[in-house]
Amino acid sequence: MTLHNLTILGATGTIGVNTLDVVARHPDRFNIVALSGQNQIDKLVEQCRQFRPKYAVVLTPEKAQELKAALAGLAIEVLYGVEALETVASLPEVDTVMAAIVGAAGMRPALAAARAGKRVLLANKETLVMAGQFFMDAVKAGGATLLPIDSEHNAVFQSMPEPYTGNLHVHGVRRILLTASGGPFRTRAVETLADVTPEEAVAHPNWVMGRKISVDSATMMNKGLEVIEARWLFNALPEQIDVVVHPQSIIHSMVEYQDGSVLAQLSNPDMRIPIAHALAYPERVATGVNWLDLPKLGQLTFESPDTRRFPCLGLAYDALRAGGSSAAVLNAANEVAVEAFLDHRIAYLTIPATLSKVLDRLGGRPASSLDDLSAIDTEARALAIETITAR
Ligand SMILES: NC(=O)c1ccc[n+]([C@@H]2O[C@H](COP(=O)([O-])OP(=O)(O)OC[C@H]3O[C@@H](n4cnc5c(N)ncnc54)[C@H](OP(=O)(O)O)[C@@H]3O)[C@@H](O)[C@H]2O)c1
């Protein structure tokens, strides 16, 4: 049995909490070195009391002050800022980093973990969407082990031959099939989508997730981001990645081989399963999740995605095919639009309209460095805000 020393970035979020749930079941296997949070200081304090990390990290000096006061008397060093997140992601005593900060903010610490050669458990899909090539280069240069946490990519990883060399052809893989639940609006009348509220959009039928990713699931932008993520994780072309709607969320994704075989990973929809798989990899540990009862489920069904209902999925394929910084542009515009929607500043259908406009104007530009990407990200956010404000 291997003892892993962990940093959990985004410990207070949905993925972070599920990670700590698995860790708590196996105190002999996992030791927490660092935890990070941003606004939920009470939750971070509670986690620090339970897991006694060496470091606790927040983003601002004000939050650090608040955290320090609450942790007085405990031997926990409080740090703040993006550099501190990078530091705890690359500490020599840490071998495994869970990258579970939401959005573009998660990219720098995830890159730091990759460069430092850690086992990187990547939940933050935005890192691959924005900077796929740079991140995969960092993984290679740092000698890191990359383990996907997104349930779909974790399922693909589990259905691939080991070790996967990054060449689909060599392994006889024809296609990656990402499954999608279809979210809360799969069967809602298309004419009523204009009236969707944030409360309806975050009510996912199968998964409990953060608010941003829940809206992304409703628009299927989440699946679009996952197509881009799969492109980088498995070195696949856009035409080698397909999406199948599977409303029960039991098959988490599949790999189709040249001989016609299709391998899949199945389980009840609970993020503790992919998290535990990556935490203990290549070993297996218990998660406490209910066993899969197929006779009770009775049926698994499948359909093609409705591109009229879910234009964001098509936009993600467009961005992937356009290459350069297009995926980063799409991601930036999406973060701005989803935030505006959650704040009741724009209507649900304004999300795809904004993305389409920003992608038309800024898509396809080359990006030869992370600084280029960062500049394009800023420009795309500004254009998305301008587009939203002008409506
Ligand atoms: N939830 C899922 O089932 C799921 C599945 C697959 C992939 N993912 C991906 O995993 C990532 C995390 O998702 P989630 O659902 O766990 O999100 P979440 O519940 O919103 O949690 C996000 C975490 O990041 C922290 N955070 C937010 N903004 C930050 C910033 N600017 N700097 C530093 N930390 C920041 C939050 O801190 P506070 O909460 O303390 O403010 C929280 O700890 C996302 O990239 C998502 O796409 C999630």
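Residues numbered from 1 in each chain as written. Predicted model: local features only at pLDDT ≥ 70, side-chain atom pairs only at ≥ 80, totals over all residues.

In contact at an axis separation of 10 Å, helix α7 (residues 151-159) and helix α10 (residues 221-233) are set at 35 degrees when each is read in the N-to-C sense. For the crossing formed where α7 meets α10, the hand is right-handed. Contact with α7, carried on its side by Glu152, His153 and Val156, involves Glu226, Glu229, Ala230 and Leu233 of α10 and no other residues of that element. Residues of the contact of α7 with α10, tallied by class, amount to three nonpolar, one polar and three charged. (Axes fitted to C-alpha atoms, helices over the stretch in contact; angles between N-to-C directions. Helix = DSSP H or I, 4+ residues; strand = E, 2+ residues; numbered from the N terminus. Left-handed = near helix turned anticlockwise from the far one by under 90°. Contact = placed C-beta atoms within 7 Å. Nonpolar A, V, L, I, M, F, W, Y, C, P; charged D, E, K, R; others polar.)

As assigned here, the chain comprises domain 1 (4-148) and domain 2 (323-391). Inter-centroid distance (C-alpha atoms) of domain 1 to domain 2 is 27 Å. On the domain 2 side, the residues contacting the seven residues of domain 1 number eight residues. (Domains from an automatic or database assignment.)

Take the nonpolar core next. The biggest cluster of nonpolar side chains holds 125 residues, and the ones touching the most others in it are Ala99, Val120, Leu121, Ala316, Ala333 and Ala337. Broken down by element, the residue count for this core peaks at 11 residues, all from helix α14 (residues 326-342). Counting contributing residues, this core receives three or more from each of domain 1 (4-148) and domain 2 (323-391). Discounting chain neighbours no more than four positions away, the residues touching alanine 337 are Ile346, Thr350, Ile351, Thr354, Leu355, Ala384 and Ile388. (Core = buried A, V, L, I, M, F, W, Y, C linked by C-beta atoms within 7 Å. Buried ≥ 20, exposed ≤ 12 C-beta atoms within 10 Å, placed from the backbone.)

Inspection of the region around the ligand gives 27 residues, with Gly10, Gly13, Gln38, Ala105 and Gly210 positioned closest. Of all elements in the fold, only α1 (14-25) and α6 (125-142) reach the threshold of two or more residues within the shell around the ligand. With three residues, the top contributor of residues to the shell around the ligand is α1. Along the lines of polarity and charge, the residues of the shell around the ligand split into 12 nonpolar, 12 polar and three charged. (Near = placed C-beta within 6 Å.)

Across four bridges, strand β6 (residues 119-122) lies against strand β7 (residues 145-148) in parallel orientation. Its bridge partner lying in β7, leucine 121 is registered against leucine 147. Regarding the hand of the β-α-β motif, the stretch spanning β6, α6 and β7 is right-handed. (Pairing = 2+ DSSP bridges. Right-handed = clockwise from strand over helix to strand, strands pointing away.)

Pairing in this open sheet of four strands is mixed, and the strands run β9-β8-β10-β11 from one edge to the other. Among the strands making up the open sheet, the edge pair consists of β9 (241-245) and β11 (262-266). The sheet shows a mean angle of 20 degrees between the axes of neighbouring strands, direction not considered. Its contacts with the sheet put α10 on β8 (173-180) and β9, and the angle it makes with β8 is roughly 150 degrees.

Moving on, we come to α10. Taking 1.5 Å per residue, 13 residues should reach 18 Å; α10 reaches 18 Å between its end C-alpha atoms and fits that length. Counted residue by residue, α10 has 13 buried out of 13 residues, so it is predominantly covered. Positive phi appears at asparagine 235, one or two residues downstream of α10, with a value of about 50 degrees. (Expected span 1.5 Å × (residues − 1).)

So, about α6. Side chains three or four residues apart in an α-helix point the same way, a direct result of the helix having 3.6 residues per turn. With 18 residues, α6 extends just 19 Å between its outermost C-alpha atoms, more than 12% less than the 26 Å of an ideal straight helix rising 1.5 Å per residue. Where α6 bends most, at alanine 131, the angle is about 110 degrees. All of the buried residues along α6 are Lys125, Glu126, Thr127, Leu128, Val129, Met130, Ala131, Phe134, Phe135, Ala138 and Val139. (Bend = angle between axes of the 7 residues up to and from the residue.)

A few words now on the sheet that holds strand β5 (residues 96-99). Spatial ordering of the open sheet is given by β4-β3-β2-β1-β5-β6-β7, a layout of seven strands whose pairing is parallel. In this open sheet, the two strands that pair with only one neighbour each are β4 (77-80) and β7. Direction aside, the axes of adjacent strands within the sheet are offset by 25 degrees on average. Pairing analysis gives five bridges linking strand β1 (residues 4-9) to strand β2 (residues 30-36), with the strands arranged parallel.

Moving on, we come to the pairing of β5. The alternating pattern of β5 places Thr96 and Met98 and Val97 and Ala99 on opposite faces, both of which are buried. Bridge count between β1 and β5: four bridges; the pairing is parallel. Paired with leucine 6 across the strands is threonine 96, a residue of β5. Bridge analysis of β5 against β6 gives four bridges, and the strand direction is parallel. Within β6, the residue paired with valine 97 across the bridge is valine 120. Read from β5 through helix α5 (residues 107-115) to β6, the crossover connection turns out right-handed.

What follows deals with the environment of valine 57. Topologically, valine 57 is positioned in strand β3 (residues 55-58). Leave out the neighbours within four places in its chain, and valine 57 touches Ala34, Ser36, Leu79, Tyr80, Ala84, Leu85 and Val88.

Before going further, it helps to examine the packing of α1 against helix α11 (residues 272-280). Remark: α1 packs on α11, axes separated minimally by 9 Å, with the N-to-C direction vectors making an angle of 60 degrees. The orientation of α1 relative to α11 falls into the category oblique. Remark: the crossing between α1 and α11 carries right-handed chirality. Across the interface between the two elements, Asn18, Thr19, Asp21 and Val22 of α1 pack against Arg272, Ile275, Ala276 and Leu279 of α11. (Parallel < 35°, antiparallel > 145°, perpendicular 65-115°, else oblique.)

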